[in-house]
Amino acid sequence: MSPEEFLKKFKSHADAKKALFEYYAAFQISAVESDPVAARTSSLGFSLGSAGWVNTSEDMLRASRRFSDLLTKTLGARFGDEKDLSDLIRKAAHNAVSSNQTEKQFLDAVTDDIVDILSQDFEIFLPNRLAYLGPKITPLKIGNVKVLKLSDLEKEIQPVVAKLQTKYTNMSVEFDYEQHRAIFKQASIGIEVPSSAMMWAVKARASKTHLYEEALWQIGIATSLMRLSSSKWDGRIPSFRDIEPSPVVQDRYAGDNALVRNGQKLSYGGSKFASAYIVDGKISKDLRAKKTQSIFDEVFAHKPGRLGEQVFNALGWLTKGRQALDRSERLLYFFTAIEAILTRNNKDSPVIDTIARHGSVMLAASIEKRPGVAKRFKDLYAHRSATVHRGTRNASANAVANAHYLATLLVFVALKKGNLSEKHDTFSDALSAASYGTVWP
């Protein structure tokens, strides 16, 4: 959400403003406590700020919860967080009371604080344990995500470091390429940041609280896009049955078998080939193609309600499915990707019938083969429903691989044949019409 979008929504959000005024009134009238001992013994807690020791009252809690719930819904999952918002208005109330602000001034201060959160420009750098660039391959951009080497990272942040050093003269950064380490030093204190030979750089619009979560989601989008955008990957790419490694956390056992007792026998050791995405010259050329880069940018810059938004979501769930260990969990993620593409925003439409019909239109090689493809979707939906509604864990390896395959094909077809800027409802209408026996697209 942009600051402008928030201001427009908040301007007419009477319930949120009412809760905020109620909080400030409670803070002013009954909460300020001059006796630190009394504040410490409050049953509902206390806070310490520029207004002094402040007891928490029931009215404060009620108004704070109301405001944070409403604003979390308004701001959305990337920026909204109930605890952050409660902390924000408590701090603003301390400052308002200490400077004798009116409730209007308090409202303006809270609004400014939220706008500041929405205006933050984050780029997070994380260890890359999944995608590797060949020796002569330069940093690779995939929408908001970049794959780069540790040496490239040093070059990218050097202008920012140089600017900071004009203010903090005792600050320095040391890179150790042999040990793949980056250490920030100030005076005699050194802080090592998570790093590896390869790195992810992610530009994420989110609050700092949700930055890591959002970065991982966008890395998942980028990984799925890479996977779908070249046919030249070698055998190290995770197959439809493989568990994809974490993109940021290294398994130091590299798939080695755990210690297992079978009766009076013990087994241990062994190893498994570690899956990875190795970007060589040919793959790099595919991923840097003008049309491919345009698709990457369009997916990451999707607008609400468009096919691009649903493809963006489906790409993320595909990655979650590849990385999940439990077969039933994997199937749920893959089917969520399927539903992101095929489910209409219409509660009156039978979900499975819509999915089966629309999915068969997108994937069947001919109109005559659509019933067979539709049956595959219905069979998988039975596994999905058993898990969601009865808690059953009965998804077979074949069912999971089939779900993965169908979900991947759907996203691939949507990327290649769909219009990402088109409304998803319009896209669904076209599939619905074609399901009665006409050609799509």
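Going by the structure above, here's the rest.
Residues numbered from 1 in each chain as written. Predicted model: local features only at pLDDT ≥ 70, side-chain atom pairs only at ≥ 80, totals over all residues. Heavy atoms only, no water.

*Asks:* Describe the pairing of strand β8 (residues 181-186), and please don't skip the residues or the numbers.
*Replies:* Bridge count for strand β7 (residues 171-176) against β8 is six bridges, and the pairing is antiparallel. Counted as the bridge partner of V173 is F184 from β8. Note: β8 against strand β9 (residues 189-193), five bridges, orientation antiparallel. Bridging from a neighbouring strand, K185 pairs with G190 of β9. Taken together, β8 and the strand that follows it, β9, pair antiparallel across an intervening segment of two residues, in which A187 is found at a positive phi of about 60 degrees. (Pairing = 2+ DSSP bridges. Helix = DSSP H or I, 4+ residues; strand = E, 2+ residues; numbered from the N terminus.)

*Asks:* Kindly report on a nonpolar patch on the surface, identifying the contributing residues and their values.
*Replies:* A surface patch of nonpolar side chains, about 250 Å² in accessible area, is lined by V160, L164 and Y168. Here L164 shows up in helix α7 (residues 150-165). Looking at L164, the relative accessible area reads 34%, which means it is partly exposed. (Patch = residues over 30% accessible without salt bridge, like charges linked within 9 Å, V, L, I, M, F, W, Y side chains within 5 Å. Areas by Shrake-Rupley, 256 points an atom, 1.4 Å probe, with all protein chains shown as cover. Salt bridge = Lys/Arg side-chain N within 4 Å of Asp/Glu carboxyl O. Buried < 20%, exposed > 50% of the residue type's maximum accessible area, 1.4 Å probe, protein only.)

*Asks:* So, helix α4 (residues 58-75): which residues are in play, and what are the values?
*Replies:* Helix length check: α4 (18 residues) gives 25 Å between terminal C-alpha atoms against 26 Å at 1.5 Å per residue, within 8%. Looking at α4, one finds that the buried residues are M60, A63, S64, F67, S68, L70, L71, T72, T74 and L75. (Expected span 1.5 Å × (residues − 1).)

*Asks:* Got a sec to walk through the sheet that holds β9? Specific residues and values, please.
*Replies:* The three strands lie next to each other as β7-β8-β9, forming an open sheet whose pairing is antiparallel. The open sheet has two edge strands, β7 and β9, and neither has a second partner. On average, adjacent strands in this sheet sit at an angle of 25 degrees to one another, irrespective of strand direction. Sitting on the sheet, α7 is in contact with β7 and β8, with an inclination near 170 degrees to β7. (Axes fitted to C-alpha atoms, helices over the stretch in contact; angles between N-to-C directions. Contact = heavy atoms within 4.5 Å.)

*Asks:* An account of the pattern of salt bridges is requested, with residue identities and associated values reported.
*Replies:* Under the criterion given, the structure shown has 18 salt bridges. Linking K146 and E156 is a salt bridge whose minimum nitrogen-to-oxygen distance equals 2.9 Å. Residue K146 is found in strand β6 (residues 145-149), and its partner E156 is found in helix α7; the two are separated by 10 residues along the sequence. One salt bridge in this structure joins K375 and D379, with 3.0 Å as the shortest N-O distance. Placement of both K375 and D379 in helix α14 (residues 370-390) is noted, with a separation of four residues, approximately one turn of the helix. Classification of K375 as exposed rests on a relative accessible area of 52%. Salt bridges linked by common partners bring K83, D87 and R90 together as one network.

The values reported here are purely geometric and, on their own, carry no functional implication.
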